[in-house]
Amino acid sequence: MRFSNLHAHSVFSDGVNTLRENVECAISKEMLSLGFSDHSYTACDESYCMMPRDYDRYLTEIFALKSEFCDTLPIYAGIEQDYYSDRADYGFDYIIASVHYVKAKGKYYAVDHMATIQRECISDGFGGNVMDMVRSYYASVVEHAYLTRPSVIGHFDVITKFGIVPEHSDEYLRVATEALRETARYCSVFEINTGAISRGYGTEPYPAMPLLSELRALDVKIVINSDSHAKENLDSSFDLALKCAVNAGYDSIHVFDNGVFKPVSIK
Ligand SMILES: [Zn+2]
Ligand SMILES: [Zn+2]
């Protein structure tokens, strides 16, 4: 099966490879298509994202590659839009909506960056109550989907990344499942995101199996994305993601094709 990836980072944000290096690698891997989704600008943290002045150049370079490789590889210009970024329309082909920060007591905590930051968020931001942080995170996920109406929901349960959140507890699953149902009212496509596996943070993609099964029950479409930050990882662990989709009961995944999500059978 030829894979497509809509969630790739380049040197325009926190990726290590240029757009062109990613394109050439995707061609060598015989991928079906490639979409870039560098991080939108967040004023609360400029360390990893695109600066507003770079948006035009990002789009111009992708559109040049799109035309250069039009006979070889469909290329798309997307954005990974953070909850705390502005929601102006910059003309991207698609938007992946992600939440990377939990704000508490006036401070922004990057909850998917380091375990120490997440622990600090729980202790200093939420008085030691991990589930209060979880509820705050998922409230942002739902609101982001409602306000942005994105093309894809990014790494829905990334808050579980460091094993700090009690992701197997009944309380957690109830909160996450309710948020998932609400989010699915505003966006009909979620990603299976394999990014944590290639970066050594886990052995399973997002979302976790109980949530993926719930998405199947809700008839939500699935795309498989690697959230790659290096070209080698453009299609990292896609076979595993496919198995997860099958185990959740999916008989097709979707791929982005010129603005439309089209089904591909995985039976
Ligand atoms: Zn992200
Ligand atoms: Zn990403």
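The notes below deal with the structure included here.

**Details of the coordination of the zinc ion (ligand 1)**
So, point 1. Protein-derived ligands of the zinc ion (ligand 1) are E80 (OE), H100 (NE2) and H155 (NE2), with the metal-ligand distances lying across 2.1 to 2.2 Å.
So, point 2. Positions of the donor residues of the zinc ion (ligand 1), expressed as sequence spacing, correspond to E-x19-H-x54-H.
So, point 3. The metal-metal distance between the zinc ion (ligand 1) and the zinc ion (ligand 2) is 3.4 Å, with E80 serving as a donor to both. Of this pair, E80 sits in strand β3 (residues 75-82) while H100 sits in the loop between β4 (94-98) and β5 (101-104), placing them 20 residues apart in sequence. When sorted by exposure, E80 lands in the same class as H100, which is buried.

**Regarding the packing of helix α1 (residues 19-28) against helix α2 (residues 55-68)**
So, point 1. Between α1 and α2, the shortest axis-to-axis distance is 10 Å and the interhelical angle comes to 30°. As far as their axial angle goes, α2 and α1 are roughly parallel. In this structure, α1 crosses over α2, and the sense of that crossing is right-handed. Where α1 abuts α2, its residues L19, R20 and V23 lie against Y58, E61, I62, L65 and E68.
So, point 2. Among the residues forming the contact of α1 with α2, the class breakdown is 5 nonpolar, no polar and 3 charged.

**A short note on the pattern of salt bridges**
So, point 1. Applying the stated rule across the entire model yields 12 salt bridges.
So, point 2. Measuring nitrogen to oxygen at the nearest pair gives 3.5 Å for the salt bridge that ties E61 to R57. With a gap of 4 residues between them, E61 and R57 both fall in helix α2, about one helical turn apart.
So, point 3. Look at R57 and you get partly exposed, because its relative accessible area is 43%.
So, point 4. With a shortest N-O distance of 3.3 Å, D219 and R216 are connected by a salt bridge.

**Description of α2**
Given 3.6 residues per helical turn, the α-helix brings residues three or four places apart onto the same face.
So, point 1. When the terminal C-alpha atoms of α2 are compared, their 20 Å separation across 14 residues agrees well with the 20 Å that a helix rising 1.5 Å per residue should span.
So, point 2. Within α2, the full set of buried residues consists of Y55, Y58, L59, I62 and L65. The arc enclosing the buried residues of α2, seen along the axis, measures out at 130°, which places them on a common side. The exposed set on the far side of α2, more than 90 degrees from its buried face, consists of D56, T60 and S67.
So, point 3. Next to the buried residues of α2 lie α1, β2 (33-39) and β3.

Conventions and cut-offs
- Residues numbered from 1 in each chain as written.
- Chains lettered and ligands numbered in written order.
- Predicted model: local features only at pLDDT ≥ 70, side-chain atom pairs only at ≥ 80, totals over all residues.
- Heavy atoms only, no water.
- Donors = N, O, S within 2.8 Å, 3.2 Å for Na, K, Ca; no water.
- Helix = DSSP H or I, 4+ residues; strand = E, 2+ residues; numbered from the N terminus.
- Buried < 20%, exposed > 50% of the residue type's maximum accessible area, 1.4 Å probe, protein only.
- Axes fitted to C-alpha atoms, helices over the stretch in contact; angles between N-to-C directions.
- Parallel < 35°, antiparallel > 145°, perpendicular 65-115°, else oblique.
- Left-handed = near helix turned anticlockwise from the far one by under 90°.
- Contact = heavy atoms within 4.5 Å.
- Nonpolar A, V, L, I, M, F, W, Y, C, P; charged D, E, K, R; others polar.
- Salt bridge = Lys/Arg side-chain N within 4 Å of Asp/Glu carboxyl O.
- Expected span 1.5 Å × (residues − 1).
- Arc of directions from axis to C-beta.

Just distances and angles here, no functional claims.
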